[in-house]
Amino acid sequence: VIEDAWDEDFLQETDKAWDPIHRCLSDFPPDTPWFYPVDPKNGAWALPEDHGNYPLKLCVLGGKRLQTDEHDYFIRLIEPHEVLDIVPAMQAIDKTWIRDKYLVHCHGAWPEYGEEDVEYTWEYFQLLRDFFARMAGNGRAILFTADQ
């Protein structure tokens, strides 16, 4: 329903880069492939909102949960005042910062881990950073959605 009503002027897609972006911005534990409780035989897990520092931890999966079961789909709300706090923190991030965070916090999360994925993550991070700045200028909240 949400995706059917997208207004392209107020939309920024992140493809699969939302995952490494979140891990970098929230100092997510390395070697933790899951964002919700799973059987230990499937690997380690940690809740996405339990790591990192304000305001960067809010950027992707740190906002307010809008549904209780997130095994298949995330919907998170970032309030307008939080968007205002996030923008200057995101502006201070450069490619080296993303790379350094990626190499630690994305380790063990998926098979694509590596330098090529760092580039992919950086490209989408820049788009997301610009999007947050535009939304802050409009006084808007941000609704983040992703499927697993």
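Coordinates for the structure precede this section.
This write-up is about the structure you can find in this document. Remember, predicted model here, so these are calculated numbers, not experimental data.

## Topic: the side chain of T32
Then comes step 1: For T32, the location among the structural elements is in the loop between helix 1 (18–25) and strand 1 (64–65).
Then comes step 2: Classification of T32 as buried rests on a relative accessible area of 5%.
Then comes step 3: A polar side-chain atom of T32 sits 3.1 Å from the main-chain carbonyl oxygen of P30.
Then comes step 4: The contacts of T32, once residues within four sequence positions are left out, are R23, A44, W45, A46 and H107.

## Regarding the packing of helix 2 (residues 80–91) against helix 4 (residues 115–137)
Then comes step 1: Two numbers describe how helix 2 lies on helix 4: the axes approach to 9 Å, and their chain directions differ by 140°. Put simply, helix 2 runs oblique to helix 4. Here the hand of the crossing between helix 2 and helix 4 comes out left-handed. In contact with V83, L84, I86, V87, M90 and Q91 of helix 2, helix 4 contributes F125, L128, R129, F132, A133, M135 and A136.

## Considerations on helix 2
Then comes step 1: The terminal C-alpha atoms of helix 2 lie 17 Å apart, and with 12 residues this matches the ideal 16 Å at 1.5 Å per residue to within 8%.
Then comes step 2: Looking at helix 2, one finds that the buried residues are E82, V83, I86, V87 and M90. Projected onto a plane normal to the axis of helix 2, the buried residues spread over an arc of 145° and lie on a single side. Set apart from the buried face of helix 2 by more than 90 degrees, the exposed residues are H81, L84 and P88.
Then comes step 3: Where helix 2 is buried, its residues contact strand 2 (73–78), helix 4 and strand 3 (142–147).

## Quick notes on the nonpolar core
Then comes step 1: If you look at the biggest cluster of nonpolar residues, it comprises 38 residues, and the most contacted ones within it are W18, C59, V60, M90, F125 and F132.
Then comes step 2: At 8 residues, the largest contribution of residues to this core is made by helix 4.
Then comes step 3: Once residues lying within four places of it in the same chain are set aside, the contact partners of F132 are C59, I78, V83, I86, V87, M90 and I142.

## Structural notes on a negative patch on the surface
Then comes step 1: A contiguous patch of negative charge, built from E3, D4, D7, E8, D9, E13, D15, D69, D72 and D147, is present on the exposed surface.
Then comes step 2: Structurally, the position occupied by D72 is in the loop between strand 1 and strand 2.
Then comes step 3: Residue classification places D72 among the exposed positions, given a relative accessible area of 59%.

## Describing the pattern of salt bridges
Then comes step 1: What the rule picks out here adds up to 8 salt bridges.
Then comes step 2: A salt bridge links E49 to R65; its shortest N-O distance comes to 3.0 Å. Pair noted here: E49 is in the loop between helix 1 and strand 1 and R65 is in strand 1, with a separation of 16 residues, a long-range link.
Then comes step 3: On the basis of relative accessibility, which here comes to 22%, the residue E49 falls in the partly exposed class.

## Overview of the packing of helix 1 against helix 4
How two helices sit against one another is set out by the angle between their axes and by the gap between those axes.
Then comes step 1: Relative orientation of the contacting elements helix 1 and helix 4 amounts to 80°, with a least axis distance of 9 Å. One way to sum up the angle between helix 1 and helix 4 is to call them roughly perpendicular. Where helix 1 approaches helix 4, its residues P20, I21 and L25 are matched on the opposing element by D117, T121, Y124, F125 and L128.
Then comes step 2: Here the residues of the contact of helix 1 with helix 4 are counted per class, giving 6 nonpolar, 1 polar and 1 charged.

## Side note on the sheet that holds strand 1
Then comes step 1: Overall, antiparallel pairing links the 3 strands, which are arranged 1-2-3 in an open sheet. The sheet is open, and its two edges are formed by strand 1 and strand 3, each paired on a single side.
Then comes step 2: The pairing of strand 2 with strand 3 spans 6 bridges and is classified as antiparallel. Bridged to I78 within strand 3 is I142.
Then comes step 3: The sheet strands contacting helix 2 are strand 2 and strand 3, and the helix crosses strand 2 at an angle near 85°.

Reading the values: rules and limits
- Residues numbered from 1 in each chain as written.
- Predicted model: local features only at pLDDT ≥ 70, side-chain atom pairs only at ≥ 80, totals over all residues.
- Heavy atoms only, no water.
- Helix = DSSP H or I, 4+ residues; strand = E, 2+ residues; numbered from the N terminus.
- Buried < 20%, exposed > 50% of the residue type's maximum accessible area, 1.4 Å probe, protein only.
- Polar contact = N/O pair within 3.5 Å; in protein donor to acceptor, adjacent residues only side chain to side chain.
- Contact = heavy atoms within 4.5 Å.
- Axes fitted to C-alpha atoms, helices over the stretch in contact; angles between N-to-C directions.
- Parallel < 35°, antiparallel > 145°, perpendicular 65-115°, else oblique.
- Left-handed = near helix turned anticlockwise from the far one by under 90°.
- Expected span 1.5 Å × (residues − 1).
- Arc of directions from axis to C-beta.
- Core = buried A, V, L, I, M, F, W, Y, C linked by side-chain atoms within 4.5 Å.
- Patch = residues over 30% accessible without salt bridge, like charges linked within 9 Å, V, L, I, M, F, W, Y side chains within 5 Å.
- Areas by Shrake-Rupley, 256 points an atom, 1.4 Å probe, with all protein chains shown as cover.
- Salt bridge = Lys/Arg side-chain N within 4 Å of Asp/Glu carboxyl O.
- Lys, Arg positive; Asp, Glu negative; His and termini not counted.
- Charge placed at Lys NZ, Arg CZ, Asp CG, Glu CD.
- Nonpolar A, V, L, I, M, F, W, Y, C, P; charged D, E, K, R; others polar.
- Pairing = 2+ DSSP bridges.

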